[in-house]
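What the coordinates show
Now for the letters of each chain:
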Amino acid sequence: MDTTDRTTPDQHSWVRRNRWIVIASAVGAVIGLTLAGGGLQHLKPLFGIESDSVRLTEPDALQGLPRLAGPEIQREAATVKSTYGADVDSVVAAYGASSEQPELMVHVVAASLKNPETNLDRLLTDTLGTTPRDVTRVDEGPLGGIAQCATAETVQGATALCSWVADNSFGKIVWVGASLADATREFAHIRGQFES
């Protein structure tokens, strides 16, 4: 006879329901540490005043998935973005077919970092408290800089993630339930949806 108490959630249920908060918090913490450790070299104009400036956009859909705009996501995005101050443009966005199941998360900051090689690694670590595996340098695409992707095992299963550092931007993309091959193939295209 099954005596499982169905009214008591298991130990991983909160994380499953709130994966956006957990991942976004981890990404924000890592990027915040990156800023503290590497420092903002300088802020770039946001509206094309300099030839090497970058303009950030937040698409309404990504890879066929709608942008999620629930109150929890908006609160977490605002908290993460506030860590940079009002003078730094940034995007924190989640995409998925269900508001409770984000499948893609993107965090982009329009600023440059010192020590790009060191900070590239920092941006890739600590998502959901896991250690990245199979870290692979990938083509950064036409926007330049340096980029790498990796995999990590989380309570949601396999997760793929990529980070990049360029002269005028840095950030991270997280694919929940995707493979390293998927991330490597999609990275440059997805990054290009947010930067111009």
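**What to know about the overall build of the protein**
Scanning the protein from N- to C-terminus turns up five helices and 10 strands. By residue count, 48% of the 196 residues in the protein fall in the buried class. Taking the contacts inside the protein whose residues are at least 6 apart along the sequence as the reference set, 62% of them involve residues at least 24 apart. Carbon and sulfur atoms make up 52% of the accessible area of the protein, which amounts to about 9,400 Å² in all.

**Quick notes on the packing of aromatic side chains**
Overall, the coordinates contain two aromatic pairs when judged by the stated rule. Between Tyr95 and Phe194 the ring centres are 6.3 Å apart and the planes differ by 80°, which places this aromatic pair in the edge-to-face class. Note that Tyr95 is positioned in strand S4 (residues 90-95) and Phe194 in helix H5 (residues 180-194), a separation of 99 residues in sequence. With a relative accessible area of 0%, Tyr95 lands in the buried category. For Phe194, a relative accessible area of 1% gives the class buried.

**Focus on helix H4 (residues 116-124)**
By the burial criterion, the buried members of H4 are Asn119, Leu120, Leu123 and Leu124. Projected down its long axis, H4 shows its buried positions confined to an angular sector of 140°, all on one face.

**Regarding the nonpolar core**
Core analysis: the largest hydrophobic core is formed by 26 residues, its most contacted members being Leu104, Ile173, Trp175, Phe187, Ile190 and Phe194. For this core, the element with the most residues is H5, which contributes five residues. Excluding residues that lie within four positions of it along the chain, Ile173 makes contacts with Leu104, Met105, Val106, Ala160, Leu161, Cys162, Trp164, Phe187, Ile190 and Arg191. Ala77, Val80, Leu120 and Ile146 belong to the second-largest nonpolar core, a separate cluster that totals 13 residues.

**What about the sheet that holds strand S9 (residues 157-165)?**
Within the open sheet, the six strands sit side by side as S4-S5-S10-S9-S8-S7. Their pairing is antiparallel. Two strands close off the open sheet at either side, each with one partner strand: S4 and strand S7 (133-137). Taking the axes of each pair of neighbouring strands and ignoring which way they run, one obtains an average angle of 10° across the sheet. Against the sheet, helix H3 (residues 71-82) engages S4 and strand S5 (104-109), with an angle of about 155° to S4.

**Side note on unusual backbone geometry**
Positioned with a positive phi, Gln63 is a non-glycine residue whose angle comes to about 55°. If you trace the backbone, Gln63 turns up in the loop between strand S2 (61-62) and strand S3 (65-66). Looking at Gln63, the relative accessible area reads 36%, which means it is partly exposed. Of note, Asp134 is a non-glycine position whose phi angle comes to about 55°, a positive value. Looking at the element boundaries, Asp134 is found in strand S7.

**Some thoughts on the environment of Leu124**
Mapped onto the fold, Leu124 is located in helix H4. Residue classification places Leu124 among the buried residues on the basis of a relative accessible area of 2%. As for Leu124 and Cys162, which are separated by 38 residues in sequence, their C-alpha atoms are 6.7 Å apart. If we ignore the near neighbours within four places in the chain, the residues touching Leu124 are Pro132, Val135, Gln148, Cys149, Ala150, Leu161, Cys162, Ser163 and Lys172.

**Examining the side chain of Arg191**
Along the polypeptide, Arg191 turns up in helix H5. Residue classification places Arg191 among the buried positions, given a relative accessible area of 2%. Engagement of the side chain of Arg191 in a polar contact is seen with the side chain of Glu195, the distance being 2.8 Å. With sequence-adjacent residues up to four places away left out, Arg191 is seen in contact with Glu140, Leu143, Gly144, Trp164, Ala166, Ser169 and Ile173.

Basis of the calculations
- Residues numbered from 1 in each chain as written.
- Predicted model: local features only at pLDDT ≥ 70, side-chain atom pairs only at ≥ 80, totals over all residues.
- Heavy atoms only, no water.
- Helix = DSSP H or I, 4+ residues; strand = E, 2+ residues; numbered from the N terminus.
- Buried < 20%, exposed > 50% of the residue type's maximum accessible area, 1.4 Å probe, protein only.
- Contact = heavy atoms within 4.5 Å.
- Areas by Shrake-Rupley, 256 points an atom, 1.4 Å probe, with all protein chains shown as cover.
- Phe/Tyr/Trp six-rings, centres within 6.5 Å; stacked < 30°, edge-to-face > 60°.
- Arc of directions from axis to C-beta.
- Core = buried A, V, L, I, M, F, W, Y, C linked by side-chain atoms within 4.5 Å.
- Pairing = 2+ DSSP bridges.
- Axes fitted to C-alpha atoms, helices over the stretch in contact; angles between N-to-C directions.
- Polar contact = N/O pair within 3.5 Å; in protein donor to acceptor, adjacent residues only side chain to side chain.

Just distances and angles here, no functional claims.
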